[in-house]
Amino acid sequence: MNYQLLALDLDGTLTNSRKEITPSTRDALIDIQKNGKKVVLASGRPSQGVLPLAEELHLGDYGSYILSYNGGRITDCRSGEIIYSKYLPNDVAAPLLEIVKKYPGIDILAYTDTELISGGDTNEYSEKESFINHMPITKVDDFVSYVTKNNNNKFLITGEPELIQEVKAEALKQFHSYLSIYCSDPFFLEIMPQGIDKAHSLTKLLTSIGLSTDAMICCGDGYNDLTMIETAGLGVAMANAQPLVKESADYITKSNDEDGVLHVINEFMR
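These remarks concern the structure in this document. Computed from a predicted model, the values in this text were never measured in an experiment.

## Considerations on the nonpolar core
In step 1: Counting 28 residues, the largest nonpolar core has Leu6, Leu8, Leu14, Leu29, Leu41, Ile217 and Ile265 as its most contacted members.
In step 2: A total of four residues in this core trace back to one element, the largest contributor, which is helix 11 (residues 260-268).
In step 3: In this view, Ile217 contacts Tyr3, Leu5, Leu6, Ala7, Ala232, Leu234, Val236, Val264, Phe268 and Met269; residues no more than four positions away in its chain are not counted.
In step 4: In terms of nonpolar packing, the next biggest core, distinct from the first, is built from 26 residues, Val92, Val147, Phe175 and Ile191 among them.

Next up, the structure:
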């Protein structure tokens, strides 16, 4: 198959344990773009958290794309235009905060262009999100009033995995037909607009540029990568992926610390 587009999760997939892209992988990604292929950085991160990696890979020079907020937003890196964006309904902020407040140590985060807005108990996992995206955390007293002044592509609920499962169950019971709710990691609960995930938005992108899903390779390691791996012409799991992700993949590559993405490029896109 002549694959034309490579969609990559970031953390645990494209970046290694030090959150870096190795020089050999970076060079290969630039090379395939020079040859007309498109690269999509498909992440749960906010757009601002993806931008430094997009710049490192010269996505703007070759008309490639950022898919941020787990598919809540797609940005054309050449023009800077937001070509797709879906927002959470404002009326979910208050009841979600009520659920979060029942569980000590659980936080809820919203995103601006420059910072993370915390409405719960800031914890090590909120700090992890802050570190990954190079965005500071701002604690606000009135989370609901603050966040509903703006449009929100997603909220992130963070905390110990056992408690996150309890929050998830309660949120699903209340919002099962109104929101998409799933874990990207055991300590991250993603709160998304209904029907929004990486596969949904990638399919919209492919349609807009005249490609089919058969022309796409998707690589990932986490639960939020499942739908795009299942949708792709070639769905690839990293060796370090969650077991369910490996079961759903067409191909298992090397780990993120062994240049697994480079291995995929060499096998399928050269």
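There is more to say after this.
## Examining helix 8 (residues 198-208)
Residues separated by three or four positions in an α-helix point in the same direction, a consequence of the helix having 3.6 residues per turn.
In step 1: Buried within helix 8 are the following residues: Lys198, Ala199, Ser201, Leu202, Leu205 and Leu206. Seen from one end, helix 8 has its buried residues packed into an arc of 165°, which puts them on one side. Opposite the packed face of helix 8, turned more than 90 degrees from it, sit the exposed residues Thr207 and Ser208.
In step 2: Where helix 8 begins, the capping side chain belongs to Asp197, and its oxygen is found 3.2 Å from the backbone nitrogen of Ala199.

## Here's the deal with the pattern of salt bridges
In step 1: The tally for this structure, following the rule as stated, stands at ten salt bridges.
In step 2: Close ionic contact of Arg270 with Asp31 constitutes a salt bridge, the shortest N to O distance being 2.6 Å. Here Arg270 is found in the segment after helix 11, whereas its partner Asp31 is found in helix 1 (residues 23-34), with 239 residues between them in sequence.
In step 3: Residue Arg270 is classed as exposed on the basis of its relative accessible area, which comes to 55%.
In step 4: Ionic contacts of the salt-bridge type, sharing partners, join the residues Asp9, Lys198 and Asp225 into one network.

## Section: a negative patch on the surface
In step 1: A contiguous patch of negative charge, built from Glu124, Glu160, Glu162 and Glu166, is present on the exposed surface.
In step 2: Its place among the elements puts Glu124 in helix 5 (residues 124-133).

## A word on the environment of Val144
In step 1: Along the chain, Val144 turns up in helix 6 (residues 143-147).
In step 2: Separated by 80 residues in the primary sequence, Val144 and Asn224 have C-alpha atoms spaced 26 Å apart.
In step 3: Setting aside its immediate chain neighbours within four residues, Val144 contacts Ala93, Ala94 and Leu97.

## As for unusual backbone geometry
In step 1: Unlike most non-glycine residues, His58 shows phi in positive territory, near 60°.
In step 2: Even without a glycine there, the phi angle at Tyr69 is positive, about 55°.
In step 3: Secondary-structure assignment places Tyr69 in the loop between strand 3 (65-68) and strand 4 (73-76).

## Concerning the pairing of strand 12 (residues 216-220)
In step 1: The buried fraction of strand 12 is high, at five of five residues.
In step 2: Residues Met216, Cys218 and Gly220 of strand 12 are buried on one face, and the alternating residues Ile217 and Cys219, pointing to the opposite face, are buried as well.
In step 3: Pairing analysis gives four bridges linking strand 1 (residues 5-8) to strand 12, with the strands arranged parallel. In the strand pairing of strand 12, Leu8 is matched with Cys219.
In step 4: Two elements, strand 12 and strand 13 (residues 234-237), share four bridges in a ladder whose sense is parallel. Bridging from a neighbouring strand, Cys218 pairs with Gly235 of strand 13.
In step 5: Handedness of the strand 12-helix 9 (residues 226-231)-strand 13 crossover: right-handed.

## Side note on the packing of aromatic side chains
In step 1: Under the counting rule described, the total for this entry stands at five aromatic pairs.
In step 2: Ring plane angle 80° and centroid distance 4.8 Å describe the contact between Phe187 and Phe188, whose orientation is recorded as edge-to-face.
In step 3: On the basis of relative accessibility, which here comes to 4%, the residue Phe188 falls in the buried class.
In step 4: Taken together, a centroid distance of 5.0 Å and an interplanar angle of 85° make the contact between Tyr251 and Phe268 edge-to-face. Here the residue Tyr251 occupies a position in strand 14 (residues 251-252), and Phe268 occupies one in helix 11, the gap between them amounting to 17 residues.
In step 5: Three or more aromatic residues joined by ring pairs form one cluster here, namely Tyr125, Phe187 and Phe188.

Rules used throughout
Residues numbered from 1 in each chain as written. Predicted model: local features only at pLDDT ≥ 70, side-chain atom pairs only at ≥ 80, totals over all residues. Heavy atoms only, no water. Core = buried A, V, L, I, M, F, W, Y, C linked by side-chain atoms within 4.5 Å. Buried < 20%, exposed > 50% of the residue type's maximum accessible area, 1.4 Å probe, protein only. Helix = DSSP H or I, 4+ residues; strand = E, 2+ residues; numbered from the N terminus. Contact = heavy atoms within 4.5 Å. Arc of directions from axis to C-beta. Polar contact = N/O pair within 3.5 Å; in protein donor to acceptor, adjacent residues only side chain to side chain. Salt bridge = Lys/Arg side-chain N within 4 Å of Asp/Glu carboxyl O. Patch = residues over 30% accessible without salt bridge, like charges linked within 9 Å, V, L, I, M, F, W, Y side chains within 5 Å. Areas by Shrake-Rupley, 256 points an atom, 1.4 Å probe, with all protein chains shown as cover. Lys, Arg positive; Asp, Glu negative; His and termini not counted. Charge placed at Lys NZ, Arg CZ, Asp CG, Glu CD. Pairing = 2+ DSSP bridges. Right-handed = clockwise from strand over helix to strand, strands pointing away. Phe/Tyr/Trp six-rings, centres within 6.5 Å; stacked < 30°, edge-to-face > 60°.

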